[in-house]
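# A structural walkthrough
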Amino acid sequence: MKKFNVKKFIEEKIRELKPILNGQKAISATSGGVDSTTATVLVHRVLRDKLKVIFIDDGLMRQDESQFVRDILKNLGIDLIILNKAKYFFKNLKGIIDPEEKRKKFRQTFYEVLGEAVKKYRAKFLIQGTIAADIIETKKGIKTQHNVLEQIGILPEKFGLKIIEPLKDLFKPQVRKVAKELGLPPSIYARMPFPGPGLATRIIGEVTPQKVEIIRKATKIVEEELKNIKKFQAFAVLFSDKATGLSKGKRSFGDIIAIRCVDSEDALRAKPSRINFNKLMRIQKRITTEIPSVVKVLYDITPKPPSTIEYV
Ligand code: XMP
């Protein structure tokens, strides 16, 4: 394979996009992930203030995520519009237990909110952080094939809206290089994957604000403690079942949390990381102390296959 020339890629992409975008309004929804943030910064180089950058706060993000993304973009001269939609997402997800239904409802809600924003800002282009692996996985049926315009309820003929996917020919390591070259910090370009439906995929069963609060705290602890460990992904998962524990000398039914940390190249196969036992004990100690409702902390030792990386 030819060596990837990151500077040349950026130059050529900007040159290619200029006449297409032609100074017209575009909208980009960034989540703070590598792909969407990189696509946003790249297109901002072409459109500047004509690009509206939104962050849909679905209430399912990691702690302080909106401020984190806002500060990073601000450093690059990009304003972030934060749409607070947490209540709406929780309302729509209420009562849903089935994982596929949960993902479907999340997607519907996300595109509904995105569609409203596209209309509000009268955007002519929608910028998407799709990368080559997404397209391959969609074709192989691993990820759901979806037509974004259809999902957001917009007829292209009526709105004249077009989708722009500036990273669609790149794989993740190349996207990380582009991110770095565009001036994004390691906290973005070296960031581990985080699923679109966010913490909703880290809660087995119904998603409620209370459960999200628990898993958000546990996620922060796991990310902090495993910050310096080489891994593909590390996170916490909240079970729907409860287990007996001891609280102030009394038996009580409490929450169960699993820690998942895996090594992988491409997320298609994964192995559990061999974390030092003292490190695991420290995570356990912090979780049960900082989140008193938790009475059990487990470490997941299952590879993919037969497991998947996520639980939902
Ligand atoms: P699984 O659980 O299928 O996950 O082994 C493989 C990789 O994909 C990520 N993942 C998602 N990413 N939207 C995303 O953007 C999703 O709905 C989604 N589900 C899983 C997962 O975190 C892992 O890196």
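Refer to the structure presented above.
Quick caveat: nothing in here was measured; it's all calculated off a predicted structure.

## Remarks on the pairing of strand β6 (residues 233-247)
With 12 bridges joining them, β6 and strand β7 (residues 250-263) adopt antiparallel strand pairing. Paired with Phe235 across the bridge in β7 is Arg260. Two successive antiparallel strands, β6 and β7, enclose a turn made up of 2 residues, where Lys248 displays a positive phi of approximately 50 degrees.

## Focus: the site of the ligand
All residues adjacent to the ligand are Arg103, Pro193, Pro195, Gly196, Pro197, Phe232, Gln233, Ala267, Lys304, Thr308, Ile309 and Glu310. At 2.5 Å from an oxygen atom of the ligand is found a side-chain nitrogen or oxygen belonging to Arg103. Gly196 is positioned with one of its backbone polar atoms (N or O) 3.2 Å from a nitrogen atom of the ligand. Notes on the ligand: free accessible area 500 Å², of which the protein chains cover 74%. Here the shell around the ligand is composed, by residue class, of 6 nonpolar, 3 polar and 3 charged.

## Examining helix α3 (residues 65-75)
Every buried residue of α3 is listed here: Glu65, Ser66, Val69, Ile72 and Leu73. The buried residues of α3 occupy an angular sector of 135 degrees when projected down its axis, which confines them to one face. Away from the buried face of α3 by more than 90 degrees, exposed residues Lys74 and Asn75 are located. Looking at the buried positions of α3, the neighbouring elements they touch are α2 (34-47), β2 (51-57), β3 (80-84) and α10 (186-189).

## Overview of the sheet that holds β3
Sheet architecture is open: 5 strands sit in the order β3-β2-β1-β4-β5, paired in parallel fashion. For this open sheet the edge positions go to β3 and β5 (162-164), each flanked by a neighbour on one side alone. The mean inter-strand angle of the sheet, taken between neighbouring strand axes irrespective of direction, is 30 degrees. Here strand β1 (residues 26-29) pairs with strand β4 (residues 125-127) via 3 bridges, running parallel. By the bridge assignment, Ala26 is partnered in β4 with Phe125. Against the sheet, α3 touches β2 and β3, its axis set at about 165 degrees to β3.

Reading the values: rules and limits
Residues numbered from 1 in each chain as written. Predicted model: local features only at pLDDT ≥ 70, side-chain atom pairs only at ≥ 80, totals over all residues. Heavy atoms only, no water. Pairing = 2+ DSSP bridges. Helix = DSSP H or I, 4+ residues; strand = E, 2+ residues; numbered from the N terminus. Near = heavy atom within 4 Å. Polar contact = N/O pair within 3.5 Å; in protein donor to acceptor, adjacent residues only side chain to side chain. Areas by Shrake-Rupley, 256 points an atom, 1.4 Å probe, with all protein chains shown as cover. Nonpolar A, V, L, I, M, F, W, Y, C, P; charged D, E, K, R; others polar. Buried < 20%, exposed > 50% of the residue type's maximum accessible area, 1.4 Å probe, protein only. Arc of directions from axis to C-beta. Contact = heavy atoms within 4.5 Å. Axes fitted to C-alpha atoms, helices over the stretch in contact; angles between N-to-C directions.

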